[in-house]
Amino acid sequence: MAQATGEVFDTLKFIEYDLYDYSPEEQAAWEASRYAQQAIRLNLGSVTLKELYSTEEAQVNLRPTPWLGLHLDVEDFRTREQEVTQLLLDFSFRVLPWLELLATGSPGLRKDEGALGVGLLAASADRKQYAVLRLLDDAPFFNGRNPDGGVRDSAVWRVQAEARGSRGGLSAWLRADLGTKSEVRFAAPAQLEANQRNDAAFHLRWEPAGWARREGGFGVRGILRLLDNGRTELEVRNQLRRTLGYARIYVTVPLSDVFRVYSILLLASDQGRGFGAGLPFTFSRWDIGLRGGTTVDLGMFRLDAGYAAMRSHREIQGDPAWSGLSPVGYGDKVYLSAQWRPRKNIYLKFLISHQVFTGSFGGLNGSLGAIF
Amino acid sequence: MGRKSHWAAMAVGMVLSAGPCFAQIPGPVLDPRRYVQAELYDLAPALRSEWEQGRYSTNEIRIGLGGYHFRDLDAVERGVVNLPLSSRIMFHGDVRNDQEPDLHVRRLVVDLWGRLLPWLWLGPSGSPAIPGSAKESYAVGASGLVGDLNRERYLLARLVLDATFYNGLNREGGHRGAPTFHPEVEARWAAGEWSVYSRLDLTSLTETVFPADRPVTYQASARGEYEFHWRYARRQWEGDVRFDLLGLRDDRDENGQPITNRRLRTATHMEALLRPNLGWPLALRLGARLLSDSLHSRAGDSHQLFRIEPGFRVGAVWEGATNQAELGYVAGLPHFALTLNGVQRDLPHYQDSAYAQWQYSPTRHFHLRAQVSCGLAHPVFGGASLLVLAQF
């Protein structure tokens, strides 16, 4: 619990999640490419001296014949509350000009891992508007084949959905990855492990006609994450259930071909409860913050500078280690980033930040994105 | 593995059970069927050559999954990205996630090259962690690529320092007295009907000392890998020679007991595909191989396992325009020589598999392969595998 609360109550956490993330324009381009093009995104940022914010993604879309397609998704996410590594492979079989059946698998490196499933993909002719639904049996061969001797009484199902639609300057994107609970019993020593992860993310964006060329727009981005991890060993229960929500409402206004200004309202909530060494605890956190900055677009090079501040209201009950925690915390960062964009939708970015309130070094972030 | 084909493994296991320290030998090393199966699941020489050719010229994915065991999987998951950011700057990414039943390699390495001369690319290299948990796993270094215009003939040299910031950033309290050097050299040359490919990947000895209150207080590991592939291909026949070498060292002090493990594995393959002029698109595949695997361990008792395995392969291939079907037979004669505290035992075996495979190649650079096999000497289901190889 102490480790979890260190991350839960870090006032900089949601500022970093926003600073290190891709800009709304980069994100929108990636959403449109998901089933149409190849893409790579590598994003690494420092969180603490020993901890890393890391998201590494790649996608491949191949169509060797008109009736057969291959979609590959690789993800290696390390955000502070979870770590997800996944390789997903879809073979798609076209049955109608707009409809494809999917045979889906996640090849694990041991037979007790991995997933098998089926799905449907409906897509427009250019595949930039799509709706995908997959049903996966997660680790179908777990029982009897995992090396730790764990036994799962019921199958774990995952439903993955992703959809994007656009009309004029308006676009909407949604992705959900929902799973039933995995409960694994071990005989020696007697213990029960239970895990569940549900993730959803969305992006609603409007680009007024005159702004699109200069990457202006309005929008809201959000994530909702439900995590439940528990372990009972020697009848001592440890459990953490969290509901984490994060929304960003943004506006980017192009002042000229060179200058843009942007502002983002940050809203976050993290509610949790559980048991630490058998004792119950609860915690909650509500954050509100603002980020503002300006971008100077010099063609192949782009400079970006701004400031973000956040007020965090937090509360914890049942954990004496955190009894002196201040109910209100503040965090801020001033930042500067330089970006090289040799081609459209290809960029290399470097960001450095500084904490003004505390005077501490704020961290570094580097990212590479390519859609091709 | 089926009940009958367990005979050989059981015989080996019975002998091994005479010494408790043999429990440390990974089970797959003792599996007599293992390399027969590995031969089946491997890339055909023509596809391997295609993969080698595209390493620095195009984007590639290769996913191969095969299993005959209930627990383990032979998995090869690799990807290569070569992305010209501009005419003078190129991004290269190489991801590898391979698992044999007892060996696992997971690595991502990226290079950002600037073109200094029409044939010379130089730049920084690095390796983020997978999973991206901690900064301690970062590797940084530099690399250079010499290549022809389309980079299908190349020489790559890369040197990175693995876990560069380990001492300051690791959470286990480990300390390393010297950096870990990870040099790699990879080269390919092709002219007309022949090509040669070679790759060397070394990880220097990494010695880590942990605090005295941890179960493992000292660990030393090193790894070396070498591949060589020579190929000659013309319409009437193709010939291939391959040599692979893997060396591993893993020493540790665990609960006060020093444990040492050394392993050296080599494999030599020779294969030919003959296309006699019969009027049908039929070809004959012939292959021979010799494998050796030696394992020395010391943990209280000392033991030594030496495995030598000659083998052969024959197959008939029907080569259609987009479809290719193959029926064949693979055999191996593994011979185990065991030494436990100075006492020697020898165990010979015969293992085989008959296989059928179908390969679908709708475009020149997209291949799907499905394969199924069964044992004949020990009648049993031999396993199945799937392979995707694509360049784009």
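Preceding this section is the structure that the text describes.
Residues numbered from 1 in each chain as written. Chains lettered and ligands numbered in written order. Predicted model: local features only at pLDDT ≥ 70, side-chain atom pairs only at ≥ 80, totals over all residues. Heavy atoms only, no water.

A. Examining the overall build of chain B more closely. Looking only at helices and strands, chain B has four helices and 21 strands in total. Within chain B, buried positions represent 52% of all 392 residues. Taking the contacts inside chain B whose residues are at least 6 apart along the sequence as the reference set, 53% of them involve residues at least 24 apart. (Helix = DSSP H or I, 4+ residues; strand = E, 2+ residues; numbered from the N terminus. Buried < 20%, exposed > 50% of the residue type's maximum accessible area, 1.4 Å probe, protein only. Contact = heavy atoms within 4.5 Å.)

B. Main features of the overall build of chain A. Along the backbone of chain A there are three helices and 20 strands. Against the compact-globule benchmark of 21 Å for 372 residues, chain A has a radius of gyration of 22 Å, which places it among compact chains. Across the 372 residues in chain A, those meeting the buried criterion constitute 53%. Across chain A, every contact between residues at least 6 apart in sequence was considered, and the portion connecting residues at least 24 apart equals 53%. When the accessible area of chain A is evaluated, it comes to approximately 16,100 Å², of which 64% is carbon and sulfur surface. Of the charged side chains in chain A, 44 are positive and 43 negative, and the gap between their average positions amounts to 4 Å. (Rg over C-alpha atoms; globule rule 2.2 N^0.38 Å. Areas by Shrake-Rupley, 256 points an atom, 1.4 Å probe, with all protein chains shown as cover. Lys, Arg positive; Asp, Glu negative; His and termini not counted. Charge placed at Lys NZ, Arg CZ, Asp CG, Glu CD.)

C. View of the side chain of B:Gln37. By the element assignment, B:Gln37 lies in helix H2 (residues 34–41). In contact with B:Gln37, other than residues within four places in its own chain, are B:Tyr68, B:Ser353, B:Ser373, B:Gly382 and B:Gly383.

D. Structural view of the nonpolar core. Core analysis: the largest hydrophobic core is formed by 19 residues, its most contacted members being A:Phe14, A:Ile15, A:Tyr246 and A:Met310. Mapped onto this core, the elements with two or more residues apiece are helix H2 (13–19), strand E14 (236–254), strand E15 (259–276) and strand E17 (301–317) of chain A. If sequence neighbours within four positions are ignored, A:Phe14 has contacts with A:Leu244, A:Tyr246, A:Ala268, A:Arg285, A:Asp287 and A:Met310. Counting 15 residues, the second-largest nonpolar core is a separate cluster that includes A:Leu72, A:Leu89, B:Phe366 and B:Ala390. (Core = buried A, V, L, I, M, F, W, Y, C linked by side-chain atoms within 4.5 Å.)

E. Fine view of the environment of B:Asn170. Structurally, the position occupied by B:Asn170 is in the loop between helix H4 (166–169) and strand E8 (175–176). Here the alpha-carbon distance between B:Asn170 and B:Ser137, two residues 33 residues apart in the chain, equals 8.5 Å. Excluding anything up to four places from it in sequence, B:Asn170 contacts A:Lys50 and B:Glu136. Within the local environment of B:Asn170, its side chain forms a polar contact with the backbone nitrogen of B:Gly173, the two atoms lying 3.0 Å apart. At 2.9 Å, the side chain of B:Asn170 forms a polar contact with the backbone nitrogen of B:Gly174. (Polar contact = N/O pair within 3.5 Å; in protein donor to acceptor, adjacent residues only side chain to side chain.)

F. Just empty space enclosed by the protein, in detail. Residues and elements named next belong to chain A. On inspection of all chains with the given rule, the structure shows eight cavities of 30 Å³ or more. Within this model, the largest cavity holds a volume of roughly 750 Å³. Around the largest cavity sit 39 residues that line it, and Phe 77, Arg 175, Ala 201, Ile 223 and Arg 225 are the ones nearest its centre. At six residues, strand E12 (residues 191–206) tops the list of elements feeding residues into the lining of the largest cavity. The space that makes up the second largest cavity amounts to roughly 350 Å³. Every residue lining the second largest cavity is counted, 25 residues in all, and those nearest its centre are Ser 23, Glu 25, Tyr 262, Arg 291 and Asp 304. Listing elements by their share of the lining of the second largest cavity, those giving two or more residues are H2, helix H3 (24–33), E14, E15, strand E16 (279–298), E17, strand E18 (328–343) and strand E19 (346–354). (1 Å grid on protein atoms, 1.4 Å probe; cavity = no way out; pocket = protein on both sides within 12 Å on 5 of 7 lines; lining within 4 Å. Points joined across faces, edges and corners; volume = space filled by probe spheres on them.)

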